[in-house]
Amino acid sequence: MELKIAILPDLVVQRKLFDAAHRKQLESLGDVVYNRTEGMPTPETLKDVIAGADLAVTSWGCTPLTKEILDQAPRLRAVVHAAGTVKPVVTPELWSRGIRVASCNDSLAVGVAESALALTIASLKNMWRLSQITREGGWGQGRELVRELYGITVGVIGAGKAGRHYIRLMRQFSVDILVYDPFSTAEEITRIGAVKAELNELLEASDVVSLHAPSIPSTYHLINRERLIMMKDDAILINTARGSIVDEAALVEQLQKGRLFACLDVTAPEPPALDHPFRSLPNCIVTPHIAGAVNNGIKRLGQFAVEELGRLVRGVPLLGEVKPEQLETLA
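Okay, so let's go over this structure.

1. Considerations on the packing of helix α6 (residues 105-124) against helix α13 (residues 298-314)
Interaxial distance between α6 and α13 falls to 8 Å at its minimum, and their mutual angle equals 150°. As summarised for this structure, α6 and α13 are arranged roughly antiparallel, according to the angle between their axes. The two elements α6 and α13 meet at a crossing, and its hand is right-handed. Contacts between α6 and α13 involve D106, S107, L108, V110, G111 and E114 from the first element and R300, L301 and F304 from the second. Split by residue class, the contact of α6 with α13 holds four nonpolar, two polar and three charged.

Okay, here's the thing in structure tokens:
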């Protein structure tokens, strides 16, 4: 019997994820059934598409895979989630049936890390302010504030996939890298080329602090007023993770004092109010949640999903497998 692969996201999401080459690769693995509807798929649609499937692909817009849906696919052995967190689709029923789950979060994390690197360089170089000065007729005022990625300390909070990709990029520069991650050992951090540190130690020592922690109860307002005060004057805070990690009222207070520079790709809520100080403070850069996969970058997730399906078919280890016990520490 030919392997059946169910592609559950709607047509809009499919077009973002897969190009013609991806579809050709998918169809070389087995009989592929595509969701032909537009808009968030209903449970009834998911039942129809997944019926009899051995493997399934989910993504943005897919609802939880409930017992009623899974009953249509008694042979289902794995779900590849072509997005970040698997939490929107996984259910206890799925785990209880022994169905494996894989996330494409690693591909998403590449874009996040690259964006964090871009914000790091632009902020150290004082590009934001120098550009504005130049627009206003000046030339070079503020040049004395320019710094390089050399001889400084970069603090990374969270050594998950995005944090580790950022560390990998930072290792191309002559900088010291400190990492705070309660879920990683000192030996693990050493192996990826950094030094494990306590949070307060990292904040006090770092010239750049880049946030890559998940949004879980223990990270809510992890960066609070007390910890912001610990940071060096003129330190740069970069948040490409989740807005909830930062006490934003406390951050506004420190920004208004001119102590820090912040680059925020995420806020809580999104977007910030039209009159929010983040929108007008000269030492705060806000981007509209673009650090992960956007436009052509979404195809990277599609490629990872296709390759992960190929690994399933060949019976080799998955690169994005998620275990039930990991959910508490994942974004």
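2. Section: the pairing of strand β6 (residues 150-157)
Consecutive residues of a regular strand have side chains that alternate between opposite faces of the sheet. Of all eight residues in β6, six are buried, a share of seventy percent or more. Remark: the β6/helix α8 (residues 161-170)/strand β7 (residues 174-180) crossover connection has right-handed handedness. Here β6 runs beside strand β9 (residues 208-211); their pairing, made up of four bridges, is parallel. Bridge assignment links V156 to a residue of β9, and that residue is S210.

3. So, the side chain of T63
Mapping T63 onto the fold places it in the loop between β3 (55-58) and α4 (67-70). Contact partners of T63, with chain neighbours within four places excluded, come to M40, P41, L46, I69, P88 and V89.

4. A short note on the packing of aromatic side chains
Within the structure shown, the criterion is met by zero aromatic pairs. The ring centre of Y34 lies 4.9 Å from the NZ or CZ of R23, which sits over that ring. The ring of F304 has R311 lying over it, and the distance from NZ or CZ to the ring centre is 5.5 Å.

5. Considerations on the environment of E68
Tracing the chain through its elements places E68 in helix α4. Sequence spacing of E68 and Q132 is 64 residues, and the spatial spacing of their C-alpha atoms is 57 Å.

6. A short note on the nonpolar core
Ranked by size, the top nonpolar core spans 29 residues in total, and within it I157, L211, I223 and L251 carry the most contacts. Looking at which element gives the most residues to this core, the answer is helix α12 (residues 248-256), with four residues. Setting aside residues up to four positions removed in sequence, L251 forms contacts with L228, L237, V246, L260, A262, L264 and F278. If you look at the next biggest cluster of nonpolar residues, it comprises 26 residues, including A116, A159, I167 and A194.

7. Observations regarding unusual backbone geometry
Cis rather than trans, the peptide bond between A268 and P269 has omega equal to 5°. In this fold, P269 is placed in the loop between β11 (261-264) and β12 (284-286). Going from E270 to P271, the amide bond is cis rather than trans, its omega being -10°. Along the chain, the position of P271 falls in the loop between β11 and β12. With a phi angle near 55°, N295 is a residue other than glycine that sits in the positive phi range. In this fold, N295 is placed in the loop between β12 and α13. Residue N295 is classed as exposed on the basis of its relative accessible area of 62%.

Cut-offs and rules
- Residues numbered from 1 in each chain as written.
- Predicted model: local features only at pLDDT ≥ 70, side-chain atom pairs only at ≥ 80, totals over all residues.
- Heavy atoms only, no water.
- Axes fitted to C-alpha atoms, helices over the stretch in contact; angles between N-to-C directions.
- Helix = DSSP H or I, 4+ residues; strand = E, 2+ residues; numbered from the N terminus.
- Parallel < 35°, antiparallel > 145°, perpendicular 65-115°, else oblique.
- Left-handed = near helix turned anticlockwise from the far one by under 90°.
- Contact = heavy atoms within 4.5 Å.
- Nonpolar A, V, L, I, M, F, W, Y, C, P; charged D, E, K, R; others polar.
- Buried < 20%, exposed > 50% of the residue type's maximum accessible area, 1.4 Å probe, protein only.
- Right-handed = clockwise from strand over helix to strand, strands pointing away.
- Pairing = 2+ DSSP bridges.
- Phe/Tyr/Trp six-rings, centres within 6.5 Å; stacked < 30°, edge-to-face > 60°.
- Lys NZ or Arg CZ within 6 Å of the ring centre and 35° of its normal.
- Core = buried A, V, L, I, M, F, W, Y, C linked by side-chain atoms within 4.5 Å.

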